[in-house]
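What the coordinates show
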Amino acid sequence: MKLPTLRKELWFGFTLMALLIAGALFMLAAAPVITNGHLGLLMLSLVVVAIMLGFPTAFTLMGMGIVFAFFAYHSEKQSAGGAITQTLDLMVQRAYAVMANDVLIAIPLFVFMGYLVERANLIEKLFKSLHLALARVPGSLGVATLVTCALFATATGIVGAVVTLMGLLALPAMLRAGYSVQLSAGAITAGGCLGILIPPSVLLIVYGATAGVSVVQLYAGAFFPGLMLAGLYIVYVIVVAKLKPQWAPPLSAAERIVPLPPQLERVGASADRRVLPVLLGALKGKRNHDVPTSYLLQQLFVALMPLLLFVVVSLWSYQTVTRVEPVEAASGLQQIGTGERYSPAAGGLQEPPAEGGLQEPPAEGGLQEPASEGGLQEPPSEGGLQEPPSGTLSEPPAGGGLSEPPGPAGVAAGPSAVAASAATSVPGADAATRQPAPPGFWIGLGAGALALAIYYLLLSFARLEIFKMLLSSFFPLLIMILAVLGSIVFGLATPTEAAAVGATGGFILAAAYRQLNLKMVKESVFLTAKTTAMVCWLFVGSAIFSAAFALLGGQELVERWVLGMNLSKTEFLIMSQVIIFILGWPLEWTEIIVIFMPIFIPLLDNFGVDPLFFGLLVAMNLQTAFLSPPVAMSAFYLKGVAPKHVTLNQIFAGMMPFMGIQVVAIFLLYQFPGIGLWLPQLLYK
Amino acid sequence: MQQILLAVDRFSTWFGKAFAWLVVVLTVLISVEVFSRYVLNRPHAWVLDAQIMLYGTLFMTAGAYTLSKNGHVRGDVLYGFFRPRTQASIDLVLYVVFFLPGIVALTWAGWTYANESLAIREQTFNADPLPVYPFKFVIPLAGALLLLQGVVEIVRCVVCLREGDWPSREEDVEEVDVEQLKEMVHVKDADIEALDKSLLPPAQRQEGA
């Protein structure tokens, strides 16, 4: 039963090889004079054949490179001895150039960070909290799977591990909930591959090093296409869940229940009661049945966290924005850098006017019932809320409210004091020395305030529990990724520095999850060494190989040949993407990039294609290769942990729609290059 | 025979693993430097050179370790479907044709290259110079390690040709270790089997069990 499939694979491979060799021979025969350039092309086709035979690629490239480099030197009327010396020189210099490459150095660090984060073992919690948080969305489990995959794959970049882990966690959950096998498998495999594209990804570093494109720009450019792709996947799952509920049934009420801690229940909490009134009531002592006040304060602190954050950020940005000189640049930075982290507060970030709202609190009458406030100025209500506890704390706000960062103070003195000091101390006195805040602020503040007000209106105990779970799984990872990415993209740190700090972050994360031990570090270290050696030795090989290819003049021949075809820009792009897509079957992405990009990149100039844009297309394209049967790796990883009756064909069938979405995404990116180029142009032009 | 092969494996592995710890050094060095530069405003010029040397040494010396664990990327579309004897003959030929000349040349050229650097006591071009020649000696070192490991691999091919099966290797950490991952997320084989049964239509469930 197994034989026929084996045959098919072998036939396919051998046919491809034979075609390549036949093509190369035909070209040699057709050429009027056989030049070195033709030898170069022969070398190229031979190398593909040799790689398909299965010998380690790095050494294939290296060996073939020196043989052909020797030919190239020897043919220039050079003695054999002299040619050997030249070849050796070329080789060692190329190898040394890879060793001293300051772009590739980020690879071991990102890989290391990935292994550490993977072993920090927060995926279980992440998936659970996301699936509860998204319970009301149609196809919630599918959406939660995709979000988990996207986030975890981005942080770790290890496709195999993400697909395997999600196969163990999400697949059973989805199947038990009655999801169709295809949809479940598709969501897991497609989601697991997102890490290839969404920065910080190793693929983009490798492309940047090969093509000489700034990794920083690549990261900035790949960010939105990556999010777009993830978004399209999610939209697809939601649409399917709406149209075919039998494929993705909604969660039953029992599965949506969030268990509340007993202490809270004793205070009178139930899943849909609003948090603030109950907690405050309990604090006042009315219903405080032997639940320690510190515990209640802790809960209150968690509940008020978004508000505190909002206050801190708005104060901070008020300072930055109203400072006289660097207004624009600075405000732009914060807007994107921090804004995206906390969507509810996002609107308000740039907008110091928060202060405006904050000062008013004194006027508040209706403190007790913050929720009923109509949602206008949420801060006021907060100010009021704190009053009871802050009475005991009674911290006279120090002089310059603005200069005193409320965050730390708040942490020390308890949540209530923060807002209180913030509220009382921000007065416009300072504003005299500063530029007045632009009117846009007030709008932003309003939006942020409204969002917060709605948040507190809806904040039930069940939601508070979910929020706490997210706080310990989703947000740390998100913040880590955005911090690493943000510092790179906004030019605060080089990719290498960010990667190193990210690896340190991985240590901290692992320690926070009690997973940091010698065994785990050892494993990560050794795996890092192996992965790095694999990628970088490939670079050593390909550096020697492409030097030989250039020496032989293969590049010129390719260029003449391609230009001779009189392609338009579109035709060229389509052709190159199709070639890369086809190569994605027999070869791995590393091989494709290091061997073939040096051939494609010099052609781009002739067609006026931006290498940065080309890189984004290539990254998207290579990601598709991970999902294209029959070699899609992610399918095999999933099959390895799936129940026996989930067949490989079902998994492939499930992957097809997602592959279709990828093609749509490539098309969208091509049609609207702005999706990728907008951010780099905004930041670096 | 097998003992010797494994001993060489262990030697390469030990070497590779020893240098693998450089990634921790690298992480700490850069993190400290980031702190020192951006927070204390006290940058060190030599750190940039040092980090490149650490990275270069790390991956070069890990080459033999990776080879001993069969970890270098190969195009396995077809390779995986070959019988072991076919695999071994392809490998044997290509080790001799591509690997040996390449690595011998690299080791040889690297040795000359490093010695030239030593002769002039080459330093980095920097305000706080570091010596470059030890770094350059990493090339012949890594080459020699690889060569040794390559010879072992060639012997493995021959053994496989004779016996029709690949000689075993020692276990090492795997990127995707399914058992370990299962343990990590607390999934047991029994759970997967139970789930499998629920996938079958009710009629078949009996026989499936």
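Structure: above.
As the structure is a computational prediction, the values presented were derived from the model and not from experiment.

So, the overall build of chain B
The helix and strand tally for chain B stands at 10 helices and zero strands. The order of helices and strands in chain B, counted from the N terminus, is α-α-α-α-α-α-α-α-α-α. Expressed as lengths along the three principal axes of its C-alpha atoms, the size of chain B is roughly 80 × 55 × 30 Å. Buried residues in chain B amount to 48% of all 209 residues. Counting only contacts in chain B whose residues sit at least 6 apart along the sequence, the fraction spanning at least 24 positions is 70%. Accessible area of chain B: about 10,400 Å², with a carbon and sulfur share of 62%. A distance of 3 Å separates the average location of the 17 positive side-chain charges in chain B from that of its 24 negative side-chain charges.

Looking at the nonpolar core
Counting residues in hydrophobic clusters, the biggest one holds 288 residues, and the most contacted among them are Trp 537 and Phe 614 of chain A. With 19 residues, helix H26 (residues 518-551) of chain A is the single largest residue contributor to this core.

With respect to the pattern of salt bridges
Here the structure, examined in full by the defined rule, presents 15 salt bridges over all chains. A salt bridge links Glu 497 of chain A to Arg 37 of chain B, with the shortest nitrogen-to-oxygen separation between them at 2.6 Å. Of this pair, Glu 497 of chain A sits in helix H25 (residues 495-512) while Arg 37 of chain B is found in helix H2 (residues 22-39), placing the two residues in two different chains. Owing to a relative accessible area of 7%, Glu 497 of chain A belongs among the buried residues under this scheme. A salt bridge links Arg 10 of chain B to Glu 170 of chain B; the nearest nitrogen and oxygen atoms lie 3.2 Å apart. Of this pair, Arg 10 of chain B sits in helix H1 (residues 2-20) while Glu 170 of chain B sits in the loop between helix H7 (138-163) and helix H8 (178-184), placing them 160 residues apart in sequence. Here the salt bridges share partners, and the residues they tie into one network are Asp 9, Glu 153, Arg 156 and Arg 169 of chain B.

Observations regarding the interface of chain A and chain B
Across the contact, 91 residues belong to chain A and 75 residues belong to chain B. Joining chain A to chain B, the criterion identifies two salt bridges. At the junction of chain A with chain B, the criterion picks out 12 residue pairs in polar contact (both at pLDDT 80 or more). The leading source of residues in the side of chain A that touches chain B is H26 of chain A, at 18 residues. Looking at the side of chain A that touches chain B residue by residue, the class counts come to 61 nonpolar, 16 polar and 14 charged.

A short note on unusual backbone geometry
The linkage connecting Pro 199 of chain A with the following residue, Pro 200 of chain A, adopts the cis geometry, with an omega of 0°. Along the chain, Pro 200 of chain A falls in the loop between helix H10 (194-197) and helix H11 (202-211). Despite not being glycine, Asn 70 of chain B has its phi angle at roughly 55°, a positive value. One can find Asn 70 of chain B in the loop between helix H3 (46-68) and helix H4 (76-79). For Asn 70 of chain B, a relative accessible area of 38% gives the class partly exposed. With a phi angle near 50°, Arg 121 of chain B is a residue other than glycine that sits in the positive phi range. For Arg 121 of chain B, the location among the structural elements is in the loop between helix H5 (84-119) and helix H6 (133-136).

About the thresholds
- Residues numbered from 1 in each chain as written.
- Chains lettered and ligands numbered in written order.
- Predicted model: local features only at pLDDT ≥ 70, side-chain atom pairs only at ≥ 80, totals over all residues.
- Heavy atoms only, no water.
- Helix = DSSP H or I, 4+ residues; strand = E, 2+ residues; numbered from the N terminus.
- Buried < 20%, exposed > 50% of the residue type's maximum accessible area, 1.4 Å probe, protein only.
- Contact = heavy atoms within 4.5 Å.
- Areas by Shrake-Rupley, 256 points an atom, 1.4 Å probe, with all protein chains shown as cover.
- Lys, Arg positive; Asp, Glu negative; His and termini not counted.
- Charge placed at Lys NZ, Arg CZ, Asp CG, Glu CD.
- Core = buried A, V, L, I, M, F, W, Y, C linked by side-chain atoms within 4.5 Å.
- Salt bridge = Lys/Arg side-chain N within 4 Å of Asp/Glu carboxyl O.
- Polar contact = N/O pair within 3.5 Å; in protein donor to acceptor, adjacent residues only side chain to side chain.
- Nonpolar A, V, L, I, M, F, W, Y, C, P; charged D, E, K, R; others polar.

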